[in-house]
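Structural features, examined
Read off the chains here:
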Amino acid sequence: MTRRCVCPGSYDPVTLGHLDVIRRAASLFDEVVVAILHNPGKQGTFGVAERVRLLQESVPPELPVRVQDFGAQLLVDICRDVGAQAIVKGLRGGTDFTYELPMALMNRHLSGIETVFVPGDPALGHVSSSLVKEVSRYGGDVTDLVTPPVLRALRSL
Ligand code: PNS
């Protein structure tokens, strides 16, 4: 049986923090489905097609990773449809845990699926899509926090 997990998120845009979590997920599972979901609470900066492209150009090709846009649907439905046994999420610290725990419990309540939390690289603990966008917008240097395709996309905003 293929052990498959889903790494869900807005990925608006993907950062080195996301890629760290995806790499850790790929070390635990045979296949990782990176699921781009539309969070109604967040106004998107990049279009979904561009988020997919930036992920595809940023994920190391040797990793067993599939990138897919799933639009606005329940994560548990996506997990069922792709045959995933778990959701993998990265934690930068306690604030992330406070945000993620209710979702993990709700997803388990809905379908029984478990969420595996992986501690992210502490060197990337300050990295988020929103901060990277803000710093870049005002001319700050985010070269060490995103891949070259994402850097180009940020500079063209
Ligand atoms: O990168 P984000 O914005 O923190 O990701 C949040 C996301 C998209 C993973 C979360 O909002 C989500 O799972 N949305 C899918 C809809 C759903 O299943 N909602 C109930 C979660 S308990």
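Above this text is the structure in question.
Residues numbered from 1 in each chain as written. Predicted model: local features only at pLDDT ≥ 70, side-chain atom pairs only at ≥ 80, totals over all residues. Heavy atoms only, no water.

Side note on the packing of helix α2 (residues 48–58) against helix α6 (residues 148–155)
Applied cut-off: Simply put, an axis is a line fit to the C-alpha atoms, just over the touching stretch for a helix, and the angle between two N-to-C directions goes from 0 to 180 degrees. For the purposes of this entry, the term helix denotes a DSSP run of H or I that reaches at least four residues, the term strand denotes a run of E that reaches at least two, and both are numbered from the N terminus. Working rule for contacts: check all heavy atoms of both residues, and any pair within 4.5 Å makes them a contact. Classes in brief: Ala, Val, Leu, Ile, Met, Phe, Trp, Tyr, Cys and Pro nonpolar; Asp, Glu, Lys and Arg charged; the others, Gly included, polar.
It is the contact of α2 with α6, at a shortest axis distance of 8 Å, that shows an interaxial angle of 150 degrees. Here Glu50, Leu54, Glu57 and Ser58 of α2 lie close against α6, whose contacting residues are Pro149, Val150 and Ala153. Classifying every residue of the contact of α2 with α6 gives four nonpolar, one polar and two charged.

Section: the sheet that holds strand β4 (residues 86–91)
Under the convention used in this document: One bridge is not enough; two strands pair if DSSP finds at least two bridges between them.
The strand order across the open sheet built from five strands is β3-β2-β1-β4-β5, with neighbouring strands paired in parallel fashion. Pairing within the sheet leaves two strands with one partner each, and these edge strands are β3 (65–71) and β5 (114–119). Ignoring strand direction, the axes of neighbouring strands in this sheet form an average angle of 30 degrees. Relative to strand β2 (residues 31–37), strand β1 (residues 4–9) runs parallel, the two being bridged by six bridges. Paired with Cys7 across the bridge in β2 is Val34.

Quick look at the site of the ligand
Going by this rule: By convention in this text, a residue qualifies as near a molecule or strand provided that one of its non-hydrogen atoms is within 4 Å of it. Any N or O atom pair separated by 3.5 Å or less is treated as a polar contact, with the protein-specific requirement of one donor-capable and one acceptor-capable atom, and with residues adjacent in sequence counted only for side-chain atom pairs.
Among the 14 residues in the neighbourhood of the ligand, the closest are listed as Ser10, Lys42, Gln73, Leu75 and Tyr99. Ser10 places a polar side-chain atom, nitrogen or oxygen, 2.5 Å from an oxygen atom of the ligand. At 3.4 Å, a side-chain N or O of Tyr99 approaches an oxygen atom of the ligand. Here the shell around the ligand takes four residues from helix α4 (residues 94–111), the largest share from any one element. Grouping the constituent residues of the shell around the ligand by class yields seven nonpolar, five polar and two charged.

Observations concerning the pairing of β1
Applied cut-off: Think of it in three bands: residues with accessible area under 20% of the maximum for their type are buried, residues over 50% are exposed, and the middle band is partly exposed, with areas taken using a 1.4 Å probe on protein chains only. Think of it like this: strands point away, you trace from the first strand over the helix to the second, and a clockwise trace means the crossover is right-handed.
Burial of β1 is extensive: five of the six residues sit out of reach of the surface. Note on the crossover from β1 through helix α1 (residues 16–28) to β2: the handedness is right-handed. Direction of pairing for β1 relative to β4: parallel, over a ladder of two bridges. From the neighbouring strand, Cys5 faces β4, where its bridge partner is Ala86.

Here we look at α2
Defined as follows: What the arc covers is the set of directions going from the helix axis to the C-beta atoms.
Every buried residue belonging to α2 is among Arg51, Val52, Leu54, Leu55 and Ser58, and all of these are buried. Viewed along the axis of α2, the buried residues span an arc of 165 degrees, placing them on a single side of the element. In this structure, the buried side of α2 is in contact with α1, β2, β3 and α6.

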